[in-house]
Amino acid sequence: ITASAGAGGSIAPSGAYSVGDGGGANFTITPNAGFGVQSVTVDGGSVGAVTSYSFANVTAAHTISATFFQLSFTVTVVVNGAGTVSRNPVQATYAPHSSLQLTATPIVGNDFVNWTTDVFTAFNPVSFLVDSNMTVSANFTAEARHEQVE
């Protein structure tokens, strides 16, 4: 039996596991912290999002593989220039496909320019769905000074 796991978890035992003719084997699927079991596939067919699987009366080669999904994501905000960014909602992590709104506020004498890195727009505030760990940069620039000539 050949056992493998994708990123975000493990399967035990893993790799090539020998079973005597007619024997059996038990496998444990364990997601890492912050992950869940997405699917377990045995011989090319899904057996669901299970955390254990048993083979009985083994008489041929088999495969078992597990995939995982991330339960929550972080959003890192980087401020370039003079300004602040507020979040709504304010959370340390966000569930997959949850909505987040960022509002950029320039410090007096500065202007908000745009958002860059994982979000590209000049809209302010900006709302988006969190579907991965993200970094969003808020870019500010000093206002142009206009001197009056007499």
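That block above? That's the structure.
Residues numbered from 1 in each chain as written. Predicted model: local features only at pLDDT ≥ 70, side-chain atom pairs only at ≥ 80, totals over all residues. Heavy atoms only, no water.

### Some words on the side chain of Asn139
Assignment of secondary structure puts Asn139 in strand 14 (residues 134-142). Looking at Asn139, the relative accessible area reads 14%, which means it is buried. In this structure the side chain of Asn139 is engaged in a polar contact, spanning 2.8 Å, whose partner is the side chain of Asn80. Excluding residues within four positions of it along the chain, Asn139 makes contact with Asn80, Asp111, Phe112, Val113, Asn114, Trp115 and Thr116. (Helix = DSSP H or I, 4+ residues; strand = E, 2+ residues; numbered from the N terminus. Buried < 20%, exposed > 50% of the residue type's maximum accessible area, 1.4 Å probe, protein only. Polar contact = N/O pair within 3.5 Å; in protein donor to acceptor, adjacent residues only side chain to side chain. Contact = heavy atoms within 4.5 Å.)

### Description of the sheet that holds strand 12 (residues 110-117)
Spatial strand order, 9-14-12: 3 strands in an open sheet with mixed pairing. On the outer flanks of this sheet lie strand 9 (75-80) and strand 12, each paired with one strand and no other. Strand-to-strand twist across the sheet, computed as the mean angle between neighbouring axes with direction ignored, equals 20°. Pairing analysis gives 7 bridges linking strand 12 to strand 14, with the strands arranged antiparallel. Residue Thr117 lies in a different strand from strand 14, and its bridge partner there is Val136. (Pairing = 2+ DSSP bridges. Axes fitted to C-alpha atoms, helices over the stretch in contact; angles between N-to-C directions.)

### A closer look at the pairing of strand 6 (residues 45-48)
Looking at chain direction, strand 5 (residues 35-42) and strand 6 are connected through 3 bridges and run antiparallel. Its bridge partner lying in strand 6, Thr41 is registered against Ser46. Between strand 5 and strand 6, which follow one another and run antiparallel, lie 2 residues, and Asp43 among them has a positive phi close to 50°.

### What about unusual backbone geometry?
Along the chain, Asn88 connects to Pro89 via a cis peptide bond; the corresponding omega equals 0°. With respect to the helices and strands, the residue Pro89 is situated in the loop between strand 10 (83-88) and strand 11 (98-106). At the junction of Asn124 and Pro125, the peptide bond is cis and its omega measures out at 5° in the coordinates. Within the element layout of this structure, Pro125 appears in the loop between strand 12 and strand 13 (126-130). Of note in the backbone geometry, Asn57 takes a positive phi value of approximately 50° without being a glycine. Relative to the helices and strands, Asn57 resides in strand 7 (residues 52-58). Look at Asn57 and you get exposed, because its relative accessible area is 55%. Backbone geometry places Thr117, a non-glycine residue, at a positive phi of 85°. In this fold, Thr117 is placed in strand 12.

### Comments concerning the pairing of strand 1 (residues 2-5)
Pairing geometry for strand 1 and strand 3 (residues 15-16), over 2 bridges, is antiparallel. When the sheet's bridge partners are listed, Thr2 is paired in strand 3 with Ala16. As judged from the 4 bridges shared by strand 1 and strand 8 (residues 63-70), these two strands associate in the parallel manner. Counted as the bridge partner of Thr2 is Thr63 from strand 8.

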